[in-house]
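# A closer look at the structure
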Amino acid sequence: MVFSFECKHFTTCAFAGVLQVSGMRVYTSGDVEAVNGTDVRLKCTFDSSAKINPELVIVSWTFKPLSGGRVDRIFHYQQKPYLPPDGIFKKRVHWAGDIMGSDASIILREVKFIYNGTYTCQVTNPPDVHGPVGEIRLRVVKTASFNELLYLVLAIGGGIAAVVFCLIVIVSCRRCKRKHRQRQLEGDEEVPRKERKDPTAW
């Protein structure tokens, strides 16, 4: 397949999309790393100057192996998703996008080492038929990298910290309410005492 424009980097792709007269801009996640045997989402979103018409939008995903070779189309969307009928991606590619939400993402199931390579996402929305091509470089590894493990730990730790913070706030609010009620009750008891008069006083 011949493309009218090819992005080598995410930032270049985004910048180039701004300069395109057609107004079509495509954004991808750049470099992606996935553990062998797991699912990975290849994120691709777009922004068109024309109103999105779900009947006309076309999404095309291609793959070029890391070792080189020909570029193969692995997914096509035109009113509905068309999955690869054969090859290494058969039953491994799933549509995860939302055209009206400007999302053209796909999911690769149980990735293999042979999936290492460059994936391109191209979107057309007539009259925006010319524009940049989003590019993702996928790297399949045996185990998660240190950065991914760090992000996971931070995410879990952040979630736990948020829960603990919410519990502290709830407990503090309840204590404040109890103290406020006790003060009100004590105040109500003191008022009648002050109003009492000595029966022997004239």
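Let us look at the structure shown here. The structure displayed is predicted, hence computed values, not measured ones.

## Some points on the overall build of the chain
- A count of helical and extended segments in the chain gives two helices and eleven strands.
- Reading the helices (α) and strands (β) of the chain from amino to carboxyl end gives α-β-β-β-β-β-β-β-β-β-β-β-α.
- When burial is assessed residue by residue, the chain has 32% of its 202 residues classed as buried.
- Once local pairs closer than 6 in sequence are excluded, the contacts in the chain between residues at least 24 apart make up 62%.
- As displayed, the chain has an accessible area near 13500 Å², and 59% of this comes from carbon and sulfur atoms.

## Quick look at the state of the cysteines
- Tallied over the entire structure, the rule returns one disulfide.
- Covalently, Cys 44 is tied to Cys 121 through a disulfide, its sulfur atoms 2.1 Å apart. Looking along the S-S bond of the Cys 44-Cys 121 disulfide, the torsion reads about -75 degrees, which is the left-handed sense. Here Cys 121 lies in strand β10 (residues 117-124) and Cys 44 lies in strand β4 (residues 44-47), a separation of 77 residues in the sequence.
- On the basis of relative accessibility, which here comes to 0%, the residue Cys 121 falls in the buried class.

## Comments concerning unusual backbone geometry
- For the bond running from Pro 126 to Pro 127, omega is 10 degrees, close enough to zero to count as cis.
- Looking at the secondary structure, you find Pro 127 in the loop between β10 and β11 (134-141).
- In the Ramachandran plot, Lys 91 falls in the positive-phi region, its phi being about 65 degrees despite a non-glycine side chain.
- Take Lys 91: it is sitting in the loop between β7 (81-82) and β8 (93-95).

## Focus on the sheet that holds strand β9 (residues 106-108)
- Here three strands make up an open sheet; going across it, the order is β3-β9-β8 and the pairing antiparallel. Both edges of this open sheet fall to β3 (40-42) and β8, since each of them pairs with a single strand only. For this sheet, the mean inter-axis angle between neighbouring strands, taken without regard to orientation, is 30 degrees.

## Section: the layout of surface pockets
- As a volume, the second largest pocket reaches approximately 170 Å³.
- Around the second largest pocket, the lining residues are Phe 63, Pro 65, Arg 70, Asp 72, Arg 73, Ile 74, Pro 84, Asp 86, Gly 87, Ile 88 and Phe 89.
- Going through the elements one at a time, β5 (58-65) and β6 (72-78) are the ones with two or more residues in the lining of the second largest pocket.
- Counting residues per element, the lining of the second largest pocket draws most heavily on β6, which supplies three residues.
- Here the lining of the second largest pocket is built from residues that sort into six nonpolar, one polar and four charged.

## Looking at the pairing of β6
- Bridge count for β5 against β6 is six bridges, and the pairing is antiparallel. Across the sheet, Thr 62 pairs through a bridge with Arg 73, a residue of β6.
- Where β6 folds back on β7, the antiparallel hairpin that results is connected by two residues, among which Gln 79 adopts a positive phi of roughly 75 degrees.

## What to know about the packing of aromatic side chains
- Applying the stated criterion across every chain, the model contains six aromatic pairs.
- A centroid spacing of 5.1 Å and a plane angle of 70 degrees characterise the contact between Phe 63 and Phe 89, whose relative ring orientation is edge-to-face. Taken together, the positions of Phe 63 in strand β5 and Phe 89 in the loop between β7 and β8 put the pair 26 residues apart, joining distant regions of the chain. The exposure classification of Phe 63 matches that of Phe 89, with both residues buried.
- When the centroid spacing of 5.4 Å and the interplanar angle of 5 degrees are considered together, the rings of Phe 75 and Trp 95 count as stacked. Here Trp 95 lies in strand β8 and Phe 75 lies in strand β6, a separation of 20 residues in the sequence.
- Of the residues examined, Phe 75 reaches a relative accessible area of 1% and is grouped as buried.
- Looking at Trp 95, the relative accessible area reads 23%, which means it is partly exposed.
- Aromatic rings pair up to connect Phe 63, Phe 89, Tyr 115 and Tyr 119 into one cluster.

Calculation criteria
- Residues numbered from 1 in each chain as written.
- Predicted model: local features only at pLDDT ≥ 70, side-chain atom pairs only at ≥ 80, totals over all residues.
- Heavy atoms only, no water.
- Helix = DSSP H or I, 4+ residues; strand = E, 2+ residues; numbered from the N terminus.
- Buried < 20%, exposed > 50% of the residue type's maximum accessible area, 1.4 Å probe, protein only.
- Contact = heavy atoms within 4.5 Å.
- Areas by Shrake-Rupley, 256 points an atom, 1.4 Å probe, with all protein chains shown as cover.
- Disulfide = S-S within 2.5 Å.
- Pairing = 2+ DSSP bridges.
- Axes fitted to C-alpha atoms, helices over the stretch in contact; angles between N-to-C directions.
- 1 Å grid on protein atoms, 1.4 Å probe; cavity = no way out; pocket = protein on both sides within 12 Å on 5 of 7 lines; lining within 4 Å.
- Points joined across faces, edges and corners; volume = space filled by probe spheres on them.
- Nonpolar A, V, L, I, M, F, W, Y, C, P; charged D, E, K, R; others polar.
- Phe/Tyr/Trp six-rings, centres within 6.5 Å; stacked < 30°, edge-to-face > 60°.

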